[in-house]
Every structure is written in structure tokens, then in C-alpha cells.
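Coordinates in review
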Amino acid sequence: MKPRITVITLGVDDLERAVTFYRDGLGFKTEGIIGTEFEHGAVAFFDLESGLKLALWHRKDLAHEAKVPMSVSSPGEFTLGHNVSSMDEVDQVMEKAERAGAVISDRAHEAFWGGYSGHFQDPDGHLWEVVYNPAWEGE
């Protein structure tokens, strides 16, 4: 299998609330919710960098599509990493996320490995890490 990840889909409890958070709060670009004419089809796509897309889909519809039982979500299962170019930019993104309604679980701070990072949770509890890694400069 070639590592060709093209879409990251997040299951959400309230699609409109999630779209508002990512579009209006964080400034992600989207055409809005589409597929409402289909049972289990309402979804919103956001264009990220390098052709990657972020999809928001009702958790119940995602479980239906994948044929897995609904379960309690846990924010500690994975993070979405947002790498930036400076410590100041980490602080700016964290402030923007908090203003948009994110829960700050880990305020930005110097990390033991030499970088600077913080964590926030979106309205559905998905965990984001905002990070400046000086070892990745110039990549």
C-alpha cells in the first residue's frame, strides 16, 4: 500500500456546529454541507494543503457507512498536527482556536524535545496539536 492519504474524515455530533467552527472560527475554506438529499449523505469538505481534504460527517452516518457500532469517542486516540513556522504562530493559532470555541487542553509551551506546542479540542472533542518544530525548518 502506498501512503496516499487524501481525506481525513472526522465524525461529528452536530454537523452545522462543526462547519461553523472550522469555517468561521478557524478560517478553513468550504463550499458548505452537501449531500443532504441522501440518507446518511450530509458531509462538508475543506481543502487543506497538497490536495489533502478534511471531511466532517455525522458520527452515526460514518458508523453506518463503515458498518461499525457507534461507540464513545475518546480524544486521546489520535491528534491532528498543525505545524507552523514559529512559536508566535503557535500562540496565534491557539488564540484563534480558543476564540472559535475550542477547549484548550494543553496551553502552548516549550516541549522537552526542543519545540513549542499546545493542544486544543474542537467542539466534538477531536484533538489538535499546534506545533513549531525547529528541526523541520527548511523542509
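The residue numbering used here restarts from 1 in each chain and proceeds along that chain's sequence as written. Totals for whole chains, interfaces and linings use every residue, but because this is a predicted model, local features are given only for residues with pLDDT of at least 70 and side-chain atom pairs only at 80 or more, for both listing and counting. Values shown for side chains rest on all heavy atoms present in the structure; no hydrogens or waters enter the calculation.

Let us now look at the pattern of salt bridges. The working definition used for a salt bridge is a side-chain nitrogen of Lys or Arg within 4 Å of a carboxyl oxygen of Asp or Glu. Within the structure shown, the criterion is met by six salt bridges. Of the charged contacts in the structure, one is a salt bridge between arginine 17 and aspartate 124, with a shortest N-O distance of 3.0 Å. With arginine 17 in helix α1 (residues 15-25) and aspartate 124 in the loop between β7 (116-121) and β8 (127-132), this residue pair connects regions lying 107 residues apart in the sequence. Per-residue accessibility, obtained with a 1.4 Å probe over protein chains only, is compared with the maximum for each type, and a residue is labelled buried under 20%, exposed over 50%, and partly exposed between these values. With a relative accessible area of 12%, aspartate 124 lands in the buried category. Every helix listed is a DSSP run of H or I at least four residues long, and every strand listed is a run of E at least two residues long, numbered separately from the N terminus.

Structurally, glutamine 121 is set in strand β7. Accessibility expressed as a relative area gives 18% for glutamine 121, which makes it buried. We define a polar contact as two N or O atoms separated by no more than 3.5 Å, with the added condition that, inside protein, one atom must be a possible hydrogen donor and the other a possible acceptor, whereas residues neighbouring each other in sequence contribute only through side-chain atom pairs. Polar side-chain contacts of glutamine 121 include one of 3.1 Å to the backbone oxygen of glycine 125. Filtering out sequence-adjacent residues up to four positions away, glutamine 121 remains in contact with Pro75, Ala102, Val103, Ser105, His126 and Leu127. We call two residues contacting when some pair of their heavy atoms lies within 4.5 Å.

Before going further, it helps to spend a moment on the layout of surface pockets. In this structure, the largest pocket occupies an estimated 550 Å³ of space. Among the elements that take part in the lining of the largest pocket, strand β5 (residues 79-84) stands out by supplying four residues, more than any other. By the convention adopted, Pro, Cys, Tyr, Trp, Phe, Met, Ile, Leu, Val and Ala count as nonpolar, Lys, Arg, Asp and Glu as charged, and the other residues, Gly among them, as polar. In terms of residue class, the lining of the largest pocket is built from eight nonpolar, four polar and three charged. Around the second largest pocket sit 21 residues that line it, and Gly11, Arg59, Ser73, Glu77 and His126 are the ones nearest its centre. The set of elements that each furnish at least two residues to the lining of the second largest pocket consists of β1 (7-12) and α2 (59-66). Counting residues per element, the lining of the second largest pocket draws most heavily on α2, at four residues. Looking at the lining of the second largest pocket residue by residue, the classes come out as eleven nonpolar, seven polar and three charged. Here a cavity denotes a set of grid points, spaced 1 Å apart and computed over the protein atoms alone, in which a 1.4 Å probe fits but from which it cannot get out, and a pocket denotes an open set meeting protein on both sides within 12 Å along at least five of seven lines; residues with an atom within 4 Å of a point are reported as lining. Grid points are joined across faces, edges and corners, and a volume is the space filled by probe spheres set on the points.

Quick look at α1 now. The periodicity of an α-helix, 3.6 residues per turn, causes residues three or four places apart in sequence to face the same way. Residues of α1 that are buried: Leu15, Ala18, Val19, Phe21, Tyr22 and Gly25. Two or three places before glutamate 16, at the opening of α1, aspartate 14 has a side-chain oxygen 3.3 Å from that residue's backbone nitrogen.

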